[in-house]
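In case you want the letters, here they are:
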Amino acid sequence: MIMNEKTKPGESVAATAPATPAEQVPDWLGNRLRRMFTDVMEEPVPDDFKALLQQLEDKERGA
Amino acid sequence: MNARDIFLEQVTALLPALRAFGRSLCGDPARADDLVQDTVLKAWTNREQFQSGSNLKAWLFTILRNCYYSELRHRKFEIEDPDGVCAAQVAISPDHDAKLHLRDLSRALQHLPPDQREALILVCATGLSYEEAADVCQVAVGTIKSRIARARDRLVELLGEDAAQVTGAIPVPTMTDSEQISTQRSGVS
């Protein structure tokens, strides 16, 4: 579920464009930060997490 | 499907973003994943406190950064110098330190104080607004902005003046507004 927290229904994208972070941080730095972040996001989620969530789900079902 | 199944489903969908946020905070992938595990457990334990419809990502990020800070307090020191570079330069002037010119952004981030690091990451990498970042960090919007400015200055220093050329970025911004918006969006989970 992907939501853009910056826009509200009915508002045009241009009116709520997130200009201020770009004003504060140069493009090259912003791009590197986002790329660093998305690199990790694209990694497969380790099995430990799946196991943990499965445990929680099972506990919930069993309750 | 009941409300709790949906909650677990939504938390699962946010795991990549949580792992990325955790790693950008503490630098070490294994520690970051431990933090995320703690976060998921705490979120689950406190799920009644979360109002469905409000911002789950921000709520989870808040739990994660609280776990991070309480771990720092327990350790009573901050690992800001993972490679021992600063320790090795004890007698060197600040000017020399400024010329470290780290190529690795995540290592450079670890040289920032955690409050500056988290402000910068929340707004510029995870795509939260200033207001949302302020809520997560429990400070005023103005504080977030000044932390980002200081983080920016320090990173520019650490990464070196040639960093823009290294990444192939063009000195004069040429992205149109719509291109910038779509770049920003692609950084949001």
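This is a predicted model, so every value here is computed, not measured.

> Whenever I open this one, the overall build of chain B confuses me. Can you help?
If you tally the helices and strands in chain B, you get 11 helices and zero strands. Sequence-ordered secondary structure for chain B, helices as α and strands as β, is α-α-α-α-α-α-α-α-α-α-α. For chain B, the proportion of its 189 residues judged to be buried stands at 48%. Taking the contacts inside chain B whose residues are at least 6 apart along the sequence as the reference set, 70% of them involve residues at least 24 apart. Looking at chain B as shown, the accessible area adds up to about 9,200 Å², and 53% of this sits on carbon and sulfur atoms.

> What should I look at first to understand the overall build of chain A in this one?
Across its full length, chain A carries three helices and zero strands. Walking chain A from its N terminus toward its C terminus, one meets helices and strands in the order α-α-α. Burial statistics for chain A: of 63 residues in total, 38% are counted as buried. Counting every atom, chain A has about 3,900 Å² of accessible surface; 54% of that belongs to carbon and sulfur.

> Hey, could you run me through a negative patch on the surface in this one?
The grouping of Asp47 and Asp48 of chain A together with Asp28, Asp34 and Asp38 of chain B at the surface amounts to a negative patch. Elements represented by at least two residues in the negative patch include exactly helix H3 (47-62) of chain A together with helix H2 (29-45) of chain B. According to the relative accessible area criterion, aspartate 28 of chain B is partly exposed, its value standing at 33%.

> I tried to follow the packing of aromatic side chains on my own but got confused; where do I start?
Each aromatic ring pair is specified by the distance between its two centres and by the angle formed by the two planes. Residues and elements named next belong to chain B. Applying the stated rule across the entire model yields six aromatic pairs over all chains. Between phenylalanine 7 and tryptophan 44, the aromatic rings sit 6.4 Å apart at their centres with planes inclined by 45°, giving tilted as the arrangement. In this pair, phenylalanine 7 sits in helix H1 (residues 3-26) while tryptophan 44 sits in helix H2, placing the two residues 37 residues apart along the sequence. By relative accessible area, tryptophan 44 is classed as buried at 7%. Between tyrosine 68 and tyrosine 69, the ring centres sit 5.5 Å apart and the planes meet at 65°, which makes this aromatic pair edge-to-face. The class of tyrosine 68 is buried, set by a relative accessible area of 3%. Overall, tyrosine 69 belongs to the buried group, its relative accessible area being 17%.

> Which parts of the structure should I look at to understand the pattern of salt bridges?
In the structure shown here, the tally under the stated rule is eight salt bridges over all chains. Across the salt bridge formed by aspartate 33 of chain B and arginine 19 of chain B, the nearest N and O atoms sit 3.0 Å from each other. One end of the pair, aspartate 33 of chain B, is in helix H2; the other, arginine 19 of chain B, is in helix H1, with 14 residues separating them in the sequence. Like arginine 19 of chain B, aspartate 33 of chain B is buried. When the shortest N-O distance is used, the salt bridge between glutamate 71 of chain B and arginine 31 of chain B registers 2.7 Å. Of the two residues, glutamate 71 of chain B sits in helix H3 (residues 56-75) while arginine 31 of chain B sits in helix H2, which places them 40 residues apart along the sequence. For arginine 31 of chain B, a relative accessible area of 14% puts it in the buried group. Through salt bridges with shared partners, a single ionic network connects Glu43 of chain A together with Arg19, Arg23 and Asp33 of chain B.

> Is there a simple way to explain the packing of helix H2 (residues 27-41) of chain A against helix H7 (residues 114-124) of chain B in this structure?
Each pair of packed helices gets described by two things: the angle between the helix axes and the distance between those axes. At a minimum axis distance of 10 Å, the contact between H2 of chain A and H7 of chain B shows a crossing angle of 85°. On the basis of the axis angle, H2 of chain A is roughly perpendicular to H7 of chain B. Packed against H2 of chain A, whose contacting residues are Gly30, Leu33, Arg34, Met36 and Phe37 of chain A, the element H7 of chain B presents Leu120, Ile121 and Cys124 of chain B at the interface. Grouping the amino acids of the contact of H2 of chain A with H7 of chain B by side-chain chemistry returns six nonpolar, one polar and one charged.

> What am I meant to see in the confidence of the model for chain A here?
Residues and elements named next belong to chain A. Confidence in the prediction for chain A averages 74 pLDDT; 62% of positions are at 70 or higher. Mean pLDDT values for the elements of chain A range from 59 in helix H1 (residues 19-24) up to 93 in H2. Across residues 11-19 the pLDDT falls below 50, and counting only partners more than four positions away or on other chains, this stretch makes nine contacts in the model.

> When you look at the environment of alanine 119 of chain B in this model, what are you seeing that I'm missing?
Residues and elements named next belong to chain B. With respect to the helices, strands and loops of the structure, alanine 119 is situated in helix H7. Taking the C-alpha atoms as reference points, alanine 119 and alanine 151, 32 residues apart in sequence, are found 8.4 Å from one another. Beyond its immediate sequence surroundings of up to four residues, alanine 119 is in contact with Ile144, Arg147 and Ile148.

Conventions we followed
Residues numbered from 1 in each chain as written. Chains lettered and ligands numbered in written order. Predicted model: local features only at pLDDT ≥ 70, side-chain atom pairs only at ≥ 80, totals over all residues. Heavy atoms only, no water. Helix = DSSP H or I, 4+ residues; strand = E, 2+ residues; numbered from the N terminus. Buried < 20%, exposed > 50% of the residue type's maximum accessible area, 1.4 Å probe, protein only. Contact = heavy atoms within 4.5 Å. Areas by Shrake-Rupley, 256 points an atom, 1.4 Å probe, with all protein chains shown as cover. Patch = residues over 30% accessible without salt bridge, like charges linked within 9 Å, V, L, I, M, F, W, Y side chains within 5 Å. Salt bridge = Lys/Arg side-chain N within 4 Å of Asp/Glu carboxyl O. Lys, Arg positive; Asp, Glu negative; His and termini not counted. Charge placed at Lys NZ, Arg CZ, Asp CG, Glu CD. Phe/Tyr/Trp six-rings, centres within 6.5 Å; stacked < 30°, edge-to-face > 60°. Axes fitted to C-alpha atoms, helices over the stretch in contact; angles between N-to-C directions. Parallel < 35°, antiparallel > 145°, perpendicular 65-115°, else oblique. Nonpolar A, V, L, I, M, F, W, Y, C, P; charged D, E, K, R; others polar. pLDDT = per-residue confidence, 0-100.

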